[in-house]
Amino acid sequence: MPLKSSEQLIEVNRLKLLESVVTNTTDAVLITEAKPFDLPGPIILYVNEAFTKMTGYTAEEVIGKSPRILQGPKTDKNELKRIGKSLRKWETCEATLINYKKCGEEFWINFSMTPVADENGIFTHWISIDKDITQNKVEELQKALLAETSLLFNQQLKLSLLLDKLVQKVVNYDHFAIAEIWLAGADRDKISLIAKESRTEKTNDLNKNSVHINSLNKGESLPGKVWEQGKILEWDNLKNDSDPRRDAALSAGVEVAYGIPLISENVIIGVLVIGLGEKRMETSRSLIPLFNLISTHFGAEIKRKQLELELHEVFSLAPDIICILGTEDRFLKKINPAMSCLSGYTEAELLSKPLDDFLHANDQSSIKKFFDGNKEGSFENRFITKAGETLWISWTAHLNEREGLLFCVGKDITNRKLSDALLIASEKKYSQLFHLSPLPKFVFDLKTSRILNVNDAAVKQYGYTKKMFLQMTIEELKPLEDRDISFNPLTNSNLQSSTSSHYTIVHQKKNGKKINMDILSNPISYKGKNAQLAVASDITENLKYIKTIETQNEKFKEISWMQSHVVRAPLARIMGLIALLEINGEMTAESNKVLEYLLQSANELDTVIRDITLKTEVIDLEKN
């Protein structure tokens, strides 16, 4: 008998310990009847204090009612069916569901249900142990959403299609009413609606009724205000709001919404608008941590995709070569269409061989410095096209040592190289013509008249060394008395324009001898300066010769005058005497014949004198 009392005491203590555990545990405990399985289901017989704290219901409010009181719109119906099947088999089951507190707030629970049998093996009760895992589940779902977003933006789709898929994911994430993405334009003047999604036909009315509003200024409507203020804003007083989309939102049943700035590198690139229905207003603020994550994550992904698409356009449409080269095998890893177009090779052909195979044999070491550790720089080499032609390519390269890749941009400079070669040849020819010319040549600055270059003929002609010439101005070649102290080459009549000019001037050699120079000057560009190339001819001897001729002409003119006035006077008298003799008529035939010959000779001599005088007058006219 005492033994029995001892066993009873142990059982009582065990029950008290069990009651203490159930009462004081932080997990919610429910005890229900075993049946019925169909509606309304087994009723609650007991709940502990942790249950009341978790749900907001008191024990009195739930005892006698079904656990279904905790279920709501987002409770997974398929999971409930699975639980029901386990209950009918009297199997222990575990599940994770969304339940609802008394205030309507959603929360996640993980619970396990265990059947309890009496001493006869008949199941009489169910015990459910519930854990509030809302925080962990929310974090898990948020991570999943962000991971799915990253995977989405890795797809090779247009940005508009990606954003359409993104707003679909946002709406499905928490059964939001609507989701919209607005992006700032390149000029940052307006923000425009790019993608939108509605969960129901009713909420879709918001888009239908506000279809005319697809761009906003800063401070206009919820997206414009978020863009202006740069922070998450709540839109929950529509009845008293003057927002242009108020009526459309109320008609669609959207009474609360959040505007979330999409931020990339501290710059707002757009706004995500999330609309919620009336039943969500009490619990919507719990979403703020999610919105904070979305703000930077979505912003960074959208900006990255924008840059990626812009880069793709640049890569595809750039007229210059863009390529990526592996530093280990020196194979091209990626090329743009311009490289194929310029080289004549297909992309597959260019990617199938090391870059060296396409380069001129003498240029294959041109990029060696990048394989020796240089991070960036430029170089030139010759690329052999498929047709066997040689292209000169100027490269700018950047080494990504960690990835073992060399990023290169190449520009076709073949024409420039040919022009340079022609220029070098032209300069060489000019140099030869300049220095080997027998005539003195000068190059002088048009602005300062400083002599920039002279040839050997000038050195020989003037007696100055080349070094002396280069320290002089063109004005200093004149005799001192002829120099203009206020000389300004820009106002000098011979030099003021950049056109050709021709003039005669007196220069003075180093030994003081004056020489007359005939100058022909033409404009040129010399080492980036506006200059004149002057060719000088010494005409000193020519002027002396001309002076001599002029002196002789003066003497000849004097002789002509003498002939015209001195010689012709006696000749005229002779001709007059002959005429008198003829008048007398007393001369013999022979005498008349003599007079006739004498008159003929006088006329011939007069004609000669007249011709000489006439020619002298012509020379005099030409001189004048």
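Above this note sits the structure.
In short, a report on the structure. (Residues numbered from 1 in each chain as written. Predicted model: local features only at pLDDT ≥ 70, side-chain atom pairs only at ≥ 80, totals over all residues. Heavy atoms only, no water.)

## Describing the overall build of the protein chain
Piece 1. Helix and strand counts for the protein chain stand at 18 helices and 21 strands.
Piece 2. A separation of at least 24 residues holds for 48% of the contacts in the protein chain among residues at least 6 apart in sequence.
Piece 3. When the accessible surface of the protein chain is summed, it comes to about 36600 Å², and 55% of that surface belongs to carbon and sulfur atoms. (Helix = DSSP H or I, 4+ residues; strand = E, 2+ residues; numbered from the N terminus. Contact = heavy atoms within 4.5 Å. Areas by Shrake-Rupley, 256 points an atom, 1.4 Å probe, with all protein chains shown as cover.)

## Some points on the packing of helix α5 (residues 134-153) against helix α6 (residues 159-174)
Relative orientation and spacing of two packed helices are given, respectively, by the angle between their axes and the distance between those axes.
Piece 1. Two elements in contact, α5 and α6, have axes whose closest approach is 10 Å; the angle formed by their N-to-C orientations is 165°. Classified by the angle between their axes, α5 and α6 sit roughly antiparallel to one another. As α5 runs across α6, the sense of the crossing is right-handed. Here Val138, Leu141, Gln142, Leu145, Glu148, Thr149, Leu152 and Phe153 of α5 come into contact with α6, specifically with Leu159, Leu162, Leu163, Lys165, Leu166, Lys169 and Tyr173.
Piece 2. Across the contact of α5 with α6, the residue classes break down as ten nonpolar, two polar and three charged. (Axes fitted to C-alpha atoms, helices over the stretch in contact; angles between N-to-C directions. Parallel < 35°, antiparallel > 145°, perpendicular 65-115°, else oblique. Left-handed = near helix turned anticlockwise from the far one by under 90°. Nonpolar A, V, L, I, M, F, W, Y, C, P; charged D, E, K, R; others polar.)

## Focus: unusual backbone geometry
Piece 1. Cis geometry marks the peptide bond from Lys35 to Pro36, where omega comes out at 0°.
Piece 2. Mapped onto the secondary structure, Pro36 falls in the loop between β1 (28-33) and β2 (44-47).
Piece 3. Positive phi is not limited to glycine here, since Ser221 has a value of about 60°.
Piece 4. Tracing the chain through its elements places Ser221 in helix α8 (residues 221-229).
Piece 5. Assessed through its relative accessible area of 4%, Ser221 is described here as buried.
Piece 6. Phi angles above zero are rare outside glycine, and Asn266 is one such case at about 65°.
Piece 7. If you trace the backbone, Asn266 turns up in the loop between β10 (254-264) and β11 (267-277).
Piece 8. On the basis of relative accessibility, which here comes to 78%, the residue Asn266 falls in the exposed class. (Buried < 20%, exposed > 50% of the residue type's maximum accessible area, 1.4 Å probe, protein only.)

## Some points on the pattern of salt bridges
Piece 1. Taken as a whole and assessed by the stated rule, the structure comprises 21 salt bridges.
Piece 2. Across the salt bridge formed by Lys74 and Glu106, the nearest N and O atoms sit 3.3 Å from each other. Note that Lys74 is positioned in the loop between α3 (59-62) and α4 (77-88) and Glu106 in strand β4 (residues 106-117), a separation of 32 residues in sequence.
Piece 3. Judged by relative accessible area, Lys74 falls into the buried class, the value being 16%.
Piece 4. Linking Glu403 and Arg402 is a salt bridge whose minimum nitrogen-to-oxygen distance equals 3.4 Å. (Salt bridge = Lys/Arg side-chain N within 4 Å of Asp/Glu carboxyl O.)

## Things to note about the sheet that holds strand β5 (residues 123-132)
Piece 1. Taken in spatial order, the five strands line up as β2-β1-β5-β4-β3 in an open sheet, and their pairing is antiparallel. Single-partner strands in this sheet number two, and they are β2 and β3 (93-100). The sheet shows a mean angle of 25° between the axes of neighbouring strands, taken without regard to direction.
Piece 2. The sheet contact formed by β1 and β5 spans six bridges and is antiparallel. Bridge pairing in β5 links Ala28 to Asp130. (Pairing = 2+ DSSP bridges.)

## Some points on the sheet that holds strand β21 (residues 529-538)
Piece 1. Read across the sheet, five strands follow the order β18-β17-β21-β20-β19 without closing on themselves; strand pairing throughout is antiparallel. Each of the sheet's edge strands pairs with one partner strand only, and the pair in question is β18 (451-454) and β19 (501-508). For this sheet the average axis-to-axis angle between neighbouring strands, irrespective of direction, equals 30°.
Piece 2. Looking at chain direction, strand β20 (residues 514-526) and β21 are connected through ten bridges and run antiparallel. Following the sheet pairing, Met517 is matched in β21 by Asp538.

## Considerations on the pairing of β3
Piece 1. Burial runs high along β3: six of the eight residues are buried.
Piece 2. Relative to β4, β3 is paired through eight bridges, and the arrangement is antiparallel. Paired with Tyr100 across the two strands is Glu106, which belongs to β4.
Piece 3. Between the end of β3 and the start of β4, which pair antiparallel, lie five residues, with Gly104 showing a positive phi angle near 95°.

## Description of a nonpolar patch on the surface
Piece 1. A surface patch of nonpolar side chains, amounting to about 300 Å² of accessible area, comprises Leu543, Tyr545 and Ile546.
Piece 2. In this fold, Leu543 is placed in helix α17 (residues 540-584). (Patch = residues over 30% accessible without salt bridge, like charges linked within 9 Å, V, L, I, M, F, W, Y side chains within 5 Å.)

## Digging into the environment of Phe123
Piece 1. Following the sequence through the fold, Phe123 ends up in strand β5.
Piece 2. For Phe123, a relative accessible area of 33% gives the class partly exposed.
Piece 3. Separated by 33 residues in sequence, Phe123 and Trp90 place their C-alpha atoms 7.9 Å apart.
Piece 4. Here Phe123 is in contact with Ala34, Trp90, Pro115, Val116 and Ala117, once residues within four sequence places are set aside.

## Some thoughts on the nonpolar core
Across soluble globular proteins, nonpolar side chains have a tendency to be buried as a group.
Piece 1. Ranked by size, the top nonpolar core spans 31 residues in total, and within it Leu163, Ile181, Leu272, Ile274 and Phe298 carry the most contacts.
Piece 2. Within the residue set of this core, elements represented by two or more residues are α5, α6, β6 (178-184), β10, β11 and α10 (288-317).
Piece 3. Among the elements that take part in this core, α6 stands out by supplying eight residues, more than any other.
Piece 4. The residues touching Leu163, leaving out its near neighbours within four places in the chain, are Phe153, Ile181, Leu183, Ile194, Ala195 and Ile302.
Piece 5. Core analysis: the next-biggest nonpolar cluster, separate from the first, contains 21 residues, Cys323, Tyr345, Phe379 and Leu391 among them. (Core = buried A, V, L, I, M, F, W, Y, C linked by side-chain atoms within 4.5 Å.)

That's the geometry; what it means functionally is another story.
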